[in-house]
Amino acid sequence: MDDAIRFENVWKIYRMGKVEVPALRGLSLSIRRGEHVAIMGPSGSGKSTFLHLAGALDHPTKGRVLIEGRDPSKLSDAELSRLRNKLIGFVFQTFNLIPRLTAIQNVILPLTLQDIPQSERRKRAEEALRQVGLAHRMNHRPNEMSGGEQQRVAIARAIVTRPKILLADEPTGNLDSHSASEIVELLTRLNKELGVTLVVVTHNPDVGNAAQRIIKIRDGVVYEEN
Ligand SMILES: Nc1ncnc2c1ncn2[C@@H]1O[C@H](COP(=O)(O)OP(=O)(O)O)[C@@H](O)[C@H]1O
Ligand SMILES: [Mg+2]
């Protein structure tokens, strides 16, 4: 099984009181290990819902999700946390850094959930910051950095656990076009150099075109792949 992510006829229906909101309506797709894929589609089409399920943050209402061949809905809570922490890295539009922590303290955080000695954690965090070109900003806090730099710290935090899958939800949505293209270049390089499977949700055609394949979704289903 070479698929990093596989969705088989996946439905996700949110319930808000008596109202049912179907966000995914029988979505099927496969993403191969090491692939760089862009997910595009109008606002409200189910892109973020797809990423949440692909990152095992939520379960489908119907259908099956497989992440590296494993079905998250069949795992215990402990196995599920392990899968999220070890296999998957998340990058968000709004960076989601902790303001009072320095860059390196932010990057170390995910490692504190793992059984790794203190000195090794620091080494790994420094390495991740080097990989995103921010070794010299290690001791700066988020508000002392540009948006592009903050997103690079967030990417370092996402790769510090050496995940197999990197999921990014509109990672350039809050950035100017110059910083956006730097972030796309960085993500593309990490996909090639680390072999990490990269899934980027985006509205930006330039971000989409950097991918090997674009999957377009609308109303919770795939309507075009190329
Ligand atoms: N937690 C939630 N509760 C209720 N409805 C939701 C929730 N999250 C998303 N939705 C709805 O599901 C649909 C798809 O949302 P989303 O996956 O965020 O789309 P996109 O990321 O493509 O904009 C939208 O109609 C949205 O309002
Ligand atoms: Mg979204």
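Scoring rules and cut-offs
- Residues numbered from 1 in each chain as written.
- Chains lettered and ligands numbered in written order.
- Predicted model: local features only at pLDDT ≥ 70, side-chain atom pairs only at ≥ 80, totals over all residues.
- Heavy atoms only, no water.
- Pairing = 2+ DSSP bridges.
- Helix = DSSP H or I, 4+ residues; strand = E, 2+ residues; numbered from the N terminus.
- Axes fitted to C-alpha atoms, helices over the stretch in contact; angles between N-to-C directions.
- Contact = heavy atoms within 4.5 Å.
- Near = heavy atom within 4 Å.
- Polar contact = N/O pair within 3.5 Å; in protein donor to acceptor, adjacent residues only side chain to side chain.
- Areas by Shrake-Rupley, 256 points an atom, 1.4 Å probe, with all protein chains shown as cover.
- Nonpolar A, V, L, I, M, F, W, Y, C, P; charged D, E, K, R; others polar.
- Core = buried A, V, L, I, M, F, W, Y, C linked by side-chain atoms within 4.5 Å.
- Buried < 20%, exposed > 50% of the residue type's maximum accessible area, 1.4 Å probe, protein only.
- Parallel < 35°, antiparallel > 145°, perpendicular 65-115°, else oblique.
- Left-handed = near helix turned anticlockwise from the far one by under 90°.

**Student:** Mind laying out the sheet that holds strand 2 (residues 19-32), listing which residues take part and the relevant values?
**Tutor:** Taken in spatial order, the three strands of this open sheet run 2-1-4, and their pairing is antiparallel. Looking along the sheet, the strands with just one partner apiece sit at the ends: strand 2 and strand 4 (62-67). Taking each pair of neighbouring strands and ignoring which way they run, the sheet shows an average axis angle of 20°. Relative to strand 4, strand 1 (residues 3-16) is paired through five bridges, and the arrangement is antiparallel. What sits directly across from Glu 8, in strand 4, is Arg 64. Across the sheet, helix 1 (residues 47-54) is in contact with strand 1, strand 2 and strand 4; its angle to strand 1 comes to roughly 120°.

**Student:** Outline the site of ligand 1, listing residues and values.
**Tutor:** Every residue close to ligand 1 is listed here: Tyr 14, Met 16, Val 21, Ala 23, Pro 42, Ser 43, Gly 44, Ser 45, Gly 46, Lys 47, Ser 48 and Thr 49. Note that an oxygen atom of ligand 1 is positioned 3.1 Å from one of the backbone N or O atoms of Gly 46. Measuring from an oxygen atom of ligand 1, one finds a side-chain N or O atom of Thr 49 at 2.6 Å. A total of 560 Å² of accessible area belongs to ligand 1 in isolation, and the protein chains cover 62% of it. Secondary structure elements with two or more residues in the shell around ligand 1: strand 1, strand 2 and helix 1. Tallying contributions element by element places helix 1 first for the shell around ligand 1, with three residues. Considering only residue class, the shell around ligand 1 consists of five nonpolar, six polar and one charged.

**Student:** Lay out unusual backbone geometry with the relevant residues and their values.
**Tutor:** At Asn 9, a residue that is not glycine, the phi angle is positive and equals roughly 50°. Tracing the backbone shows Asn 9 in strand 1. With a phi close to 50°, Asp 219 is a non-glycine residue in the positive phi region. Positionally, Asp 219 belongs in the loop between strand 8 (213-218) and strand 9 (221-225).

**Student:** Explain the nonpolar core to me, and be specific about the residues and the numbers.
**Tutor:** Note that soluble globular proteins tend to have their nonpolar side chains buried in a common cluster. With 36 residues, the main nonpolar core has Val 107, Leu 129, Val 132, Val 153, Ile 155, Leu 166 and Leu 187 as its most contacted residues. Excluding its chain neighbours within four sequence positions, the residues that come into contact with Leu 187 are Ile 155, Leu 166, Pro 171, Leu 198 and Val 200. Counting residues in hydrophobic clusters, the runner-up holds 28 residues, among them Ala 4, Leu 53, Phe 90 and Val 199.

**Student:** So what's going on with the packing of helix 4 (residues 118-131) against helix 5 (residues 147-159)? Which residues, and what values?
**Tutor:** For the pair helix 4 and helix 5, interaxial distance at closest approach is 9 Å and the crossing angle is 130°. Comparing the axis directions of helix 4 and helix 5 gives the class oblique. For the pair helix 4 and helix 5, the sense of crossing is right-handed. On helix 5, the residues touching Ala 128, Leu 129 and Gln 131 of helix 4 are Val 153, Ala 156 and Ile 159.

**Student:** Please set out the pairing of strand 3 (residues 36-40) residue by residue, giving values where relevant.
**Tutor:** Of all five residues in strand 3, five are buried, a share of seventy percent or more. Residues His 36, Ala 38 and Met 40 line one face of strand 3 and the alternating positions Val 37 and Ile 39 line the opposite face, and both faces are buried. As paired strands, strand 3 and strand 7 (residues 197-201) are joined by four bridges and run parallel to one another. In the sheet register, His 36 faces strand 7, and the bridge partner there is Leu 198. By the bridge criterion, four bridges tie strand 3 to strand 8 in an arrangement that is parallel. The residue bridging Ala 38 from the neighbouring strand is Ile 214, located in strand 8.

**Student:** Talk me through the environment of His 36; I want residue IDs and the actual numbers.
**Tutor:** Considering the arrangement of structural elements, one finds His 36 in strand 3. In this structure His 36 comes out as buried when scored by relative accessible area, which is 4%. Between the C-alpha atom of His 36 and that of Thr 188, which follows or precedes it by 152 residues, the distance is 7.6 Å. Not counting residues within four places of it along the chain, the set of residues in contact with His 36 comprises Thr 188, Asn 191, Leu 198, Val 200, Ala 210, Ala 211, Gln 212 and Arg 213.

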